[in-house]
Amino acid sequence: DSTINKSNIIFITNKNIQSNYFKSYVESHVPLLVTVVDYDGLESEMLMGEEFIALVDLSVKDNIDWVASALAKSEGLTAVVLLNSEQDVEFKELVKWKKRHGCVGARDDLESVCNGLLSISQGENWLPRKVINQLLSFYQKNDSSYMEDEVIQVDLTRREIEILETLKTGESNI
C-alpha cells in the first residue's frame with residue numbers, strides 16, 4: 001500500500017468494521033489522515049518514509065513486542081499512542097514503547113481520543129496522571145548522572161532557579 005507513507009496516523013489494529021468506523025470518525029474530527037494497517041500485514045518497510053504517529057491497538061495482543069521493536073527503529077515515527085490500554089500498566093510496558101506520547105483507555109470516549117490525537121500531532125503529550133507519576137518516580141529514584149555530561153547554558157532568574165531546585169526534589173512550586 002503506497003499511500004501509507006502519506007498518512008499522518010498509522011493505526012495498527014485488526015482491520016474490521018469497527019476499525020474502519022474509527023478511522024472515519026477520527027478523520028472527520030481531526031485534520032489528520034489515518035491509514036489502517038492490519039497487525040498481520042504490518043511490515044517494517046511500511047514504517048519508513050514521512051513522519052507519522054503510530055496508533056497501536058493494545059486489544060490485539062498478537063506480535064505486540066515485534067510492533068514495539070519495529071516502531072522503535074522507524075525514522076519517521078514522531079509519536080506512539082497506545083489505544084485500549086489497561087488502567088494499571090506495568091512500568092516495563094511503559095518504557096517498551098519509544099516515543100510514547102499518548103495513552104488512551106478502552107473506556108475513553110471518541111471525542112477524548114480525537115482531542116488527544118490532535119494535541120499529540122501538535123507536539124504535546126496525552127498521558128494519564130498515573131502514567132506520568134510512574135515515569136517521574138522512576139527518573140527521580142534512578143541516578144541521572146548521564147545528564148551531567150551535557151551542559152546547557154541558559155540564563156535563569158533567581159526565582160526560576162528556586163523553582164527548578166524545588167521541582168528537582170519532588171516538591172511543588174506552589
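Further up the page is the structure itself.
These numbers come from a predicted model, not from an experiment.

**Observations concerning the overall build of the protein chain**
The secondary structure content of the protein chain amounts to six helices and five strands. Counting helices and strands in the order they occur from the N terminus, the protein chain gives β-α-β-β-α-β-α-β-α-α-α. Here the protein chain holds 174 residues, and the buried ones make up 34% of them. Here the contacts in the protein chain between residues at least 6 apart in sequence split such that 64% fall between residues at least 24 apart. Of the accessible surface of the protein chain, which amounts to about 11,400 Å², a share of 50% is contributed by carbon and sulfur atoms.

**Details of the side chain of Ser-119**
Structurally, the position occupied by Ser-119 is in helix α4 (residues 110-121). Excluding residues within four positions of it along the chain, Ser-119 makes contact with Glu-124 and Trp-126.

**Notes on unusual backbone geometry**
Within the chain, Asn-84 stands out as a residue other than glycine whose phi angle is a positive 65°. One can find Asn-84 in strand β4 (residues 77-85).

**Side note on α4**
Under the 1.5 Å per step criterion, the end-to-end length of α4 is 16 Å for twelve residues, consistent within 8% with the ideal 16 Å. Against the buried residues of α4 lie β1 (9-13), α1 (17-29), β3 (52-57), β4 and β5 (100-105). Two or three places before Glu-111, at the opening of α4, Asp-109 has a side-chain oxygen 3.1 Å from that residue's backbone nitrogen. Just downstream of α4, Gly-123 is the residue with a positive phi angle, here 95°.

**Some words on the packing of α1 against α4**
Running from N to C, α1 and α4 cross one another at 60°; their axes reach a closest spacing of 10 Å. By the criterion of interaxial angle, the relationship of α1 to α4 is oblique. Considering only the axes of α1 and α4, their crossing is right-handed. In contact with Tyr-21, Phe-22, Tyr-25, Val-26 and His-29 of α1, α4 contributes Leu-110, Glu-111, Val-113, Cys-114 and Leu-117. Looking at the contact of α1 with α4, its residues break down into eight nonpolar, one polar and one charged.

**Points about the environment of Val-56**
Structurally, Val-56 is set in strand β3. With 17 residues separating them along the chain, Val-56 and Tyr-39 place their C-alpha atoms 9.4 Å apart. Apart from residues no more than four positions distant in its own chain, Val-56 is found in contact with Ile-12, Tyr-39, Ile-64, Val-67, Leu-71, Val-80, Val-81, Leu-82, Leu-83 and Trp-97.

**What to know about the pattern of salt bridges**
As enumerated under the stated definition, the model contains four salt bridges in all. With its nearest N and O atoms 2.7 Å apart, the salt bridge here joins Asp-65 to Lys-96. Of this pair, Asp-65 sits in helix α2 (residues 64-72) while Lys-96 is found in helix α3 (residues 91-96), placing the two residues 31 residues apart along the sequence. By sharing partners, the salt bridges in this structure join Arg-158, Arg-159 and Glu-162 into a single network.

**Points about the sheet that holds strand β2 (residues 34-38)**
Strand order in the open sheet formed by five strands is β2-β1-β3-β4-β5, with parallel pairing between adjacent strands. The sheet is open, and its two edges are formed by β2 and β5, each paired on a single side. Neighbour-to-neighbour, the strand axes of the sheet open up by a mean angle of 20°, direction not taken into account. When β3 meets β4, the two strands line up parallel, connected through six bridges. Bridging from a neighbouring strand, Ala-54 pairs with Val-80 of β4. Seen against the sheet, α1 touches β1, β2, β3 and β4 and runs at an angle of roughly 160° to β2.

Criteria and thresholds
Residues numbered from 1 in each chain as written. Predicted model: local features only at pLDDT ≥ 70, side-chain atom pairs only at ≥ 80, totals over all residues. Heavy atoms only, no water. Helix = DSSP H or I, 4+ residues; strand = E, 2+ residues; numbered from the N terminus. Buried < 20%, exposed > 50% of the residue type's maximum accessible area, 1.4 Å probe, protein only. Contact = heavy atoms within 4.5 Å. Areas by Shrake-Rupley, 256 points an atom, 1.4 Å probe, with all protein chains shown as cover. Expected span 1.5 Å × (residues − 1). Polar contact = N/O pair within 3.5 Å; in protein donor to acceptor, adjacent residues only side chain to side chain. Axes fitted to C-alpha atoms, helices over the stretch in contact; angles between N-to-C directions. Parallel < 35°, antiparallel > 145°, perpendicular 65-115°, else oblique. Left-handed = near helix turned anticlockwise from the far one by under 90°. Nonpolar A, V, L, I, M, F, W, Y, C, P; charged D, E, K, R; others polar. Salt bridge = Lys/Arg side-chain N within 4 Å of Asp/Glu carboxyl O. Pairing = 2+ DSSP bridges.

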